[in-house]
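# Secondary and tertiary structure notes
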Amino acid sequence: MVDFFEAIYRRRSVRRFKREKIPEEAVRRIMEAGRAAPTDATLHLWSAVWVRDEAKKAEIAKLISQPHVEEGSDFFVFLADLYRLEELLRYRGRQLASNRLALFVFAAVDAALAAENMALAATAMGYGSCFIGAVQNAVEELVELLRLPRLAYPLFGLVVGVPDEEPPPRPRLPLEMLFHREEYRPYSEESLAAAYEVMARVTRSGDWLRLLERYAGAGGYFDRRSELMTAVLRKMGVM
Ligand SMILES: Cc1cc2nc3c(=O)[nH]c(=O)nc-3n(C[C@H](O)[C@H](O)[C@H](O)COP(=O)(O)O)c2cc1C
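Cut-offs and rules
- Throughout, residues of each chain are indexed from 1 in the direction in which the sequence is written.
- Local features in this predicted model are restricted to residues of pLDDT 70 or higher, and side-chain atom pairs are both shown and tallied only at a pLDDT of 80 or more, whereas totals for entire chains, interfaces and linings draw on every residue.
- In computing side-chain values, all of the structure's heavy atoms are included and hydrogens and water are not.
- UniProt positions are given in the numbering used here, feature names are shortened, and annotations may be inferred rather than shown by experiment.
- The numbering of helices and of strands both runs from the N terminus, where a helix is a DSSP run of H or I of at least 4 residues and a strand a run of E of at least 2.
- Each residue is placed in one exposure class: buried if its accessible area under a 1.4 Å probe, protein chains only, is under 20% of its type's maximum, exposed if it is over 50%, and partly exposed if it falls in between.
- In this description, contact between two residues means that some pair of their heavy atoms is separated by no more than 4.5 Å.
- All accessibility values rest on the Shrake-Rupley procedure with a 1.4 Å probe; residue burial counts only the protein chains present in the view.
- Note on definitions. A residue lies near a molecule or strand when any single heavy atom of the residue is within 4 Å of it.
- In the analysis that follows, any N or O atom pair within 3.5 Å is treated as a polar contact, provided that within protein one partner can donate a hydrogen and the other can accept it, and provided that, for residues neighboring in sequence, both atoms belong to side chains.
- In this analysis, the protein atoms alone were mapped onto a 1 Å grid. Cavities are point sets where a 1.4 Å probe fits without being able to get out; pockets are open sets with protein on both sides within 12 Å along at least five of seven lines; lining residues have an atom within 4 Å of a point.
- A molecule is said to be in a cavity or pocket once over half of its atoms fall within 2 Å of that pocket's grid points.
- Only Asp, Glu, Lys and Arg are considered charged in this grouping, and only Ala, Val, Leu, Ile, Met, Phe, Trp, Tyr, Cys and Pro are considered nonpolar; every other residue, Gly among them, is considered polar.
- Patches in this entry comprise residues that are over 30% relatively accessible and not in a salt bridge; like charges within 9 Å are linked, as are nonpolar side chains (Val, Leu, Ile, Met, Phe, Trp, Tyr) within 5 Å.
- Definition used for salt bridges: Asp or Glu carboxyl oxygen within 4 Å of a side-chain nitrogen of Lys or Arg.
- To get an axis, fit a line to the C-alpha atoms, keeping to the stretch in contact for a helix; angles then go from 0 to 180 degrees between the N-to-C directions.
- Angles below 35 degrees are treated as roughly parallel, those above 145 as roughly antiparallel, those between 65 and 115 as roughly perpendicular, and all remaining angles as oblique.

The name that an unreviewed UniProt entry assigns to the protein is Nitroreductase, with the source organism given as Pyrobaculum ferrireducens. Database annotation for the protein, UniProt heading Sequence similarities (unreviewed entry): "Belongs to the flavin oxidoreductase frp family."

Okay, structure coming up:
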């Protein structure tokens, strides 16, 4: 077992795993760490589907083009779970809010907190993990495969397993760019240049812009995903 800060700084996204199962008891311990995370207004807006079955894990890995999901021991698909909330209210004769945007946003916060607790617990126990936003590559297929009810939207995944690599620490933006002291401080041209410099080594090309553009630029990945996300959220009754 490692010290708290050691777990934080030692955690990396691990994308190569040994084909070994984590003992179920250890996985449950990791899940308990997720359960201990804070939750907005005690609502527990999240749940997760735990996929341990090899065939199902392989199928998901293929669907979302993430081979490390197959290699890892266990995969969790985190859900914004407004369905359980609706059920709890229905059980006592009440209805779920009709404008669900804020519930959805805070469900994503709840889920992220639980998942990060789990990633840190896994690190502390000597295991590796990787968040998988690529579940967005096949949301509708996952809804079918995991039999998700309406109002239970798959947000992201977390794969955990026995690591087969020790990646170096990946760069982060400087502290001053992430935290504004007392009030928001617009970014100077120098600070923007410094950001590109510090992040250069995350891409093979050495230019972080390529990655920013591919994901967040006009017509990029998130532009396209947002369209599908809106359609599925409507279909599932979230929006
Ligand atoms: C919400 C979220 C989604 C992510 N999705 C993926 C993914 O689909 N596939 C993947 O290999 N890594 C994914 N990552 C891992 C990031 O690429 C990684 O955290 C980042 O490059 C920093 O590296 P580090 O975690 O090793 O510090 C995701 C991380 C987060 C927080």
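Looking only at helices and strands, the protein features 11 helices and 5 strands. Judged by the C-alpha coordinates and their principal axes, the protein covers about 60 × 45 × 35 Å. Of all 239 residues assigned to the protein, the portion counted as buried reaches 41%. Counting only contacts in the protein whose residues sit at least 6 apart along the sequence, the fraction spanning at least 24 positions is 78%. Looking at the protein as shown, the accessible area adds up to about 14,500 Å², and 54% of this sits on carbon and sulfur atoms.

Another point: the site of the ligand. Close to the ligand lie 13 residues; Ser13, Arg15, Gln66, Gly133 and Arg170 are nearest. Ser13 places a side-chain nitrogen or oxygen 2.6 Å from an oxygen atom of the ligand. Spatially, the ligand is embedded in the largest pocket. It is strand S4 (residues 128–132) that contributes the most residues to the shell around the ligand, 3 residues altogether. A per-class count over the shell around the ligand returns 4 nonpolar, 4 polar and 5 charged.

For the rest of this paragraph, the subject is a nonpolar patch on the surface. A surface patch of nonpolar side chains, about 510 Å² in accessible area, is lined by Leu101, Val105, Phe106, Val109, Leu113 and Met239. A relative accessible area of 38% places Val109 in the partly exposed class.

Put simply, helix H9 (residues 189–199) and helix H10 (residues 208–216) touch, their axes get as near as 8 Å, and they point 100° apart. Between H9 and H10, the angle is such that the two are roughly perpendicular. The segment H9 lies against H10, with Ala195, Tyr196 and Met199 engaging Trp208, Leu209 and Leu212. Residue composition of the contact of H9 with H10, by class: 6 nonpolar, no polar and no charged.

Locating Ser73 in the fold gives a position in the loop between helix H4 (67–71) and strand S3 (74–81). Take Ser73: its relative accessible area is 1%, and that puts it in the buried class. Looking at Ser73, its side chain comes within polar contact range of the side chain of Asp74, at 2.4 Å.

Okay, the pattern of salt bridges next. Here the structure, examined in full by the defined rule, presents 11 salt bridges. In this structure, Arg28 engages Glu24 in a salt bridge whose closest nitrogen and oxygen atoms are separated by 3.5 Å. Of this pair, Arg28 and Glu24 both sit in helix H2 (residues 24–35), 4 residues apart, which is roughly one turn of the helix. Across the pair Glu54 and Lys57 runs a salt bridge, and its minimum N-O distance is 3.2 Å. Placement of both Glu54 and Lys57 in helix H3 (residues 54–64) is noted, with a separation of 3 residues, approximately one turn of the helix. Residue class for Glu54 comes out partly exposed when judged on its relative accessible area of 37%. Taken together, the shared-partner salt bridges connect Glu24, Arg28, Arg52 and Asp74 into one network.

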